[in-house]
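Residue-level structural notes
One-letter residues, chain by chain:
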Amino acid sequence: ISAPTDRITSICCIGAGYVGGPTCAVIAAKCPEIRITVVDRDPDRISAWNSDSLPVYEPGLDALVKRQRNTNLTFSTDIDRAIDQAQLIFIAVNTPPMPHTHGSSSMGAKPDLSAVSECARRIARVSLTDKIVVAKSTVPCGACATIAGMLRDNGQKGVGFSVLSNPEFLSEGTAVRDLLHPDRVLIGGDDRVAQDKLKAVYMHWVPEPRILTMNTWSSELAKLASNAMLAQRVSSINSISAVCEAVGADIAEVARGCGSDERIGQKFLRPSLGFGGSCFHKDIASLIWLSESLGLPEVAEYWHQVLALNRFQIKRFVARILADTSREGGLSGLGGRRVACLGFAFKEGTGDTRNTPAADVCCELLRNGAKLSIYDPRVPRHHIVDKLAMSAASNCDIDSVSVCSDAYSAIAGSDIVVVLTAWSEFRQIDWEQALKLMSQPAYVFDGQVVLDHGRLEQLGFNVFSIGRAHVT
Ligand code: NAD
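Residues numbered from 1 in each chain as written. Predicted model: local features only at pLDDT ≥ 70, side-chain atom pairs only at ≥ 80, totals over all residues.

Per an unreviewed UniProt entry, the protein carries the name UDP-glucose 6-dehydrogenase and comes from Coemansia interrupta. You can read under Pathway (unreviewed entry) in the UniProt record for the protein the words "Nucleotide-sugar biosynthesis; UDP-alpha-D-glucuronate biosynthesis; UDP-alpha-D-glucuronate from UDP-alpha-D-glucose: step 1/1." Quoted straight from UniProt, the Catalytic activity (unreviewed entry) entry for the protein says "UDP-alpha-D-glucose + 2 NAD(+) + H2O = UDP-alpha-D-glucuronate + 2 NADH + 3 H(+)". (UniProt positions renumbered as here; feature names shortened; annotations may be inferred.)

This is the structure:
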């Protein structure tokens, strides 16, 4: 590790999103001697980070940001000034998938690195002193080498740059906890001095054995592979949930039976409507694109199936709602029926709706003529409406959607309840009261396997839960 005078004392982070904001708040809290400026080209985002109502909801984040804002953490739109003053610059901008090539049947998609390139060119142009540039955004193999080339080609004479790969592994909903107690921190690069300087920052709170240095390509690929493997686990358990429903097995018992094998483990074995969020889809699409471009179609096809299974889970959930409610003595389909949708975020603990399975289910229900009453504890009303208006096909009637401020208001007057996000507060609902508020016969379709199904059946609900074929 370098001498104390060589230690990093000023950091700039470009990108004040779900990654940049929480990451820098934690670094600021753990490294009081480091001044951190988080910058963004979106002035509204920066004003929100400087306000009482932060642009990102994460448990524990509010208190952290509000405390550090008074000391060593600044949010600003003055990107050039922050770059100029920093020794180390994180690039934490978005890297969305490129739109699909027309006619392509592949689910692969090259990530759009234009925001990363823009940052690299800007850093090169503005920097008058040597900088360590750290790619925190998720990028495909080779991106750090491209960034290094851009810095070299566009930089001022005599100014040196070291580029490191330091992918982020936080999970939305538990970001602060993940950042405080990471399973591992990866620092990829070939400049040992720069790697050691970044390592010294993390060593303020991360135990040294958890900080892994490696070559750049390994670090870049480890991030894509980690997300792909986590998503694959979701698709694996969801594929088994379909078999459970067909044979009368119970997915909770099967998951316990599998997960008790130490080699498999219990984590990430909850059946669901599938994965959502901004990362899993795009990172698998990026891995598929990478595999295809490396001439590895079999590898691409393998990961393609993880995405295909994820779509299948939503398709069959909606098909199940249609089939069960159309049975004799039922509701004769969804036309004009009111469905209470509990949850809209892509997972519990966040207000993020990027790629949320809930939107896909809601659109399908609307297409089948249902009216929706939606409640999510963290997603603002206008986000729900905008999201549905955006993703709705032209034949989807957005006027049939109302957004409610609590679960009971959503349930009142509905024929069907569907659980779309695994918020723990849905377990606390008084279902006896809920039944009285609903039309009869009353249906519950639990897409996240969070409710006490035995109890609901006792009360008189018709219950379907993923991975557990049972409708009375
Ligand atoms: P985000 O969209 O929430 O934030 C990105 C921010 O970058 C935006 O505020 C945008 O205005 C800003 N930006 C874009 N281009 C810019 C530019 N040229 N100059 C200045 N600001 C610019 O994205 P995010 O969720 O924070 O993700 C950032 C990266 O981290 C992505 O590569 C993502 O794959 C990766 N990642 C995300 C998560 C997650 O859970 N969200 C977890 C791990 C890694």
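**As for the sheet that holds strand β10 (residues 371–375)**
Note on sheets: strands pair through backbone hydrogen bonds, and any given pair is parallel or antiparallel. The six strands lie next to each other as β11-β10-β9-β12-β13-β14, forming an open sheet whose pairing is parallel. In this open sheet, the two edge strands, each paired with only one partner strand, are β11 (401–403) and β14 (462–465). Neighbour to neighbour, the strand axes of the sheet diverge by 15° on average, direction disregarded. In the sheet, β10 pairs with β11 via three bridges, with the strands oriented parallel. Opposite isoleucine 374, over in β11, you have valine 403 as the bridge partner. Seen against the sheet, helix α12 (residues 297–326) touches β12 (416–419), β13 (443–446) and β14 and runs at an angle of roughly 160° to β13. Against the sheet, helix α14 (residues 381–391) touches β10 and β11, its axis set at about 160° to β11. (Pairing = 2+ DSSP bridges. Helix = DSSP H or I, 4+ residues; strand = E, 2+ residues; numbered from the N terminus. Axes fitted to C-alpha atoms, helices over the stretch in contact; angles between N-to-C directions. Contact = placed C-beta atoms within 7 Å.)

**Some details on the site of the ligand**
Taken together, the neighbourhood of the ligand is formed by 26 residues, with Gly15, Gly17, Val19, Ala115 and Ser137 sitting nearest. In terms of residues, the shell around the ligand owes the most to one element, helix α5 (residues 114–126), which gives three residues. Of the residues belonging to the shell around the ligand, the class tally is eleven nonpolar, eight polar and seven charged. (Near = placed C-beta within 6 Å. Nonpolar A, V, L, I, M, F, W, Y, C, P; charged D, E, K, R; others polar.)

**Let's talk about the packing of helix α9 (residues 216–247) against α12**
Packed helix pairs are specified by the crossing angle of their axes together with the interaxial distance, meaning the distance between the axes. At a closest axis distance of 9 Å, the pairing of α9 and α12 adopts a crossing angle of 45°. Taken as axis vectors, α9 and α12 run oblique relative to one another. For the element pair α9 and α12, the recorded crossing hand is left-handed. Of the residues in α12, those touching α9 at Ala228, Ala231, Gln232, Ser235, Asn238, Ser239 and Ala242 are Trp303, Val306, Leu309, Asn310, Gln313 and Arg316. In terms of residue class, the contact of α9 with α12 is made up of six nonpolar, six polar and one charged. (Parallel < 35°, antiparallel > 145°, perpendicular 65-115°, else oblique. Left-handed = near helix turned anticlockwise from the far one by under 90°.)

**Quick notes on the UniProt feature "binding site: substrate" (unreviewed entry) in the protein**
The positions UniProt marks with the feature "binding site: substrate" (unreviewed entry) are Phe169, Leu170, Ser171, Glu172, Lys223, Phe268, Leu269, Arg270, Pro271, Ser272, Gly276 and Lys347. For the annotated residues, spread through 179 residues, the largest C-alpha to C-alpha distance comes to 23.6 Å, inconsistent with a single compact locus. Relative to the helices and strands, serine 272 resides in the loop between α10 (251–259) and α11 (280–293). Mapped onto the fold, glycine 276 is located in the loop between α10 and α11. If we ignore the near neighbours within four places in the chain, the residues touching glycine 276 are Phe346, Lys347, Asn355, Thr356 and Pro357.

**Observations regarding the pairing of strand β1 (residues 10–14)**
Buried residues dominate β1, accounting for four of its five residues. Of the strand pairs in this sheet, β1 and strand β2 (residues 35–39) are connected by five bridges, and their pairing is parallel. Residue cysteine 13 lies in a different strand from β2, and its bridge partner there is valine 38. Tracing the backbone out of β1, into helix α1 (residues 20–30) and back to the parallel element β2 gives a crossover that is right-handed. (Buried ≥ 20, exposed ≤ 12 C-beta atoms within 10 Å, placed from the backbone. Right-handed = clockwise from strand over helix to strand, strands pointing away.)

**Focus: the confidence of the model for the protein**
Mean pLDDT for the protein: 94, with 96% of residues reaching 70 or above. Reported for the predicted complex are a pTM of 0.93 and an ipTM of 0.99. (pLDDT = per-residue confidence, 0-100.)

**Digging into the domain arrangement of the protein**
Under the domain assignment, the protein is made up of domain 1 (4–214) and domain 2 (215–472). The C-alpha centroid of domain 2 is placed 32 Å from the C-alpha centroid of domain 1. Facing the 30 residues of domain 1 at the interface are 31 residues of domain 2. Sorting the residues of the side of domain 1 that touches domain 2 by element identifies α6 (143–154) and β7 (185–188) as the ones contributing at least two each. In terms of residue class, the side of domain 1 that touches domain 2 is built from 19 nonpolar, eight polar and three charged. (Domains from an automatic or database assignment.)

**Observations regarding the environment of serine 239**
Mapped onto the elements of the fold, serine 239 is located in helix α9. Linking serine 239 and valine 139, residues 100 residues apart in sequence, is a C-alpha distance of 29 Å.

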